[in-house]
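Architecture at a glance
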Amino acid sequence: QVQLVESGGGLVQAGDSLRLSCAASGRTGSSYSMAWFRQAPGKEREFVAGLIGTGRTYSADSVKGRFTISRDGAKNTVYLQMNSLKPEDTAVYYCAFNGRNTIPTRQSLYDYWGQGTQVTVSS
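Overview of the structure. Note that the coordinates shown come from a computational prediction; the quantities given were computed from them, not determined experimentally. (Residues numbered from 1 in each chain as written. Predicted model: local features only at pLDDT ≥ 70, side-chain atom pairs only at ≥ 80, totals over all residues. Heavy atoms only, no water.)

This part is about the packing of aromatic side chains. In this structure the tally under the stated criterion is seven aromatic pairs. Relative to Phe47, the ring of Phe37 has its centre 5.6 Å away and its plane inclined at 80°; by these criteria the two rings are edge-to-face. On the criterion of sequence distance, the pair formed by Phe37 in strand E4 (residues 33-39) and Phe47 in strand E5 (residues 46-52) is long-range, its members being ten residues apart. Of the two residues examined, Phe37 and Phe47, each falls in the buried class. Joined through ring pairs, the aromatic side chains of Phe37, Phe47, Tyr58, Tyr110 and Trp113 make up one cluster. One Lys or Arg, Arg45, reaches over the ring of Tyr94 and ends 3.8 Å from the middle of that ring. (Phe/Tyr/Trp six-rings, centres within 6.5 Å; stacked < 30°, edge-to-face > 60°. Helix = DSSP H or I, 4+ residues; strand = E, 2+ residues; numbered from the N terminus. Buried < 20%, exposed > 50% of the residue type's maximum accessible area, 1.4 Å probe, protein only. Lys NZ or Arg CZ within 6 Å of the ring centre and 35° of its normal.)

Listed below in structure tokens is the structure:
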């Protein structure tokens, strides 16, 4: 059982930066992947960036060069550093956990989800 809690969202202007945090608790183990998804109103939830236990990362084309996923040394928290934010980045951002050493982009392959944190970017 894994619990995920996101934080760090807020209202910013285009070009600003935010760092989201996802605190994980429970039986996370050593073989896992964690990812950030986002969902705007009326749209499908989409993959943003993911990380596996070995430290490898993968990000969606839409955020490459702007967003960076990382973790702390204890693997208890993952972060999403978001730079050069655009209005189209506005969404609820969710942290997800997968107990496998892959970074799937399909949300159905993740077992646990956080409650989400709102990011709003004004023009």
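Picking up after the structure, the text goes on.
Think of a disulfide as a covalent bridge from one cysteine sulfur atom to another cysteine sulfur atom. Evaluation of the coordinates by the stated rule reveals one disulfide. Disulfide pairing is shown between Cys22 and Cys95; the S-S distance is 2.1 Å. Here the disulfide of Cys22 and Cys95 is left-handed, its torsion about the S-S bond being about -85°. Here Cys22 is found in strand E3 (residues 18-26), whereas its partner Cys95 is found in strand E9 (residues 91-98), with 73 residues between them in sequence. As far as the burial class goes, Cys22 and Cys95 line up, both buried. (Disulfide = S-S within 2.5 Å.)

Below, the discussion takes up the environment of Leu20. Residue position: Leu20 is located in strand E3. A sequence separation of 58 residues divides Leu20 from Val78, and the C-alpha atoms of the two residues are 8.3 Å apart. Leaving out residues up to four positions away in the same chain, Leu20 has contacts with Ser7, Gly8, Gly9, Trp36, Val78, Tyr79, Leu80, Met82, Tyr93, Thr117 and Val119. (Contact = heavy atoms within 4.5 Å.)

On a regular strand, one side chain projects to one face of the sheet and the next to the other, so that they alternate. Most of E9 sits out of view: seven of its eight residues are buried. By the bridge criterion, seven bridges tie E4 to E9 in an arrangement that is antiparallel. Bridging across to E9, Trp36 finds its partner in Cys95. Of the strand pairs in this sheet, E9 and strand E11 (residues 117-122) are connected by three bridges, and their pairing is antiparallel. Counterpart to Tyr93 in the pairing with E11 is Thr117. (Pairing = 2+ DSSP bridges.)

Ranked by internal contacts, the top residues of the largest apolar core, which has 33 residues, are Met34, Trp36, Leu80, Met82 and Tyr93. Of all elements in the fold, only strand E1 (2-7), E3, E4, E5, strand E7 (67-71), strand E8 (77-82), E9 and E11 reach the threshold of two or more residues within this core. The element best represented in this core is E9, accounting for five residues. With residues near it in sequence (within four places) discarded, Tyr93 still touches Glu6, Leu20, Trp36, Phe37, Arg38, Val48, Phe67, Leu80, Met82, Gly116, Thr117 and Val119. (Core = buried A, V, L, I, M, F, W, Y, C linked by side-chain atoms within 4.5 Å.)

This paragraph deals with the environment of Pro87. Following the sequence through the fold, Pro87 ends up in the loop between E8 and E9. Once you skip the residues sitting within four places of it in the chain, Pro87 turns out to touch Ala14, Val121, Ser122 and Ser123.

Distances and angles like these do not, on their own, reveal function.
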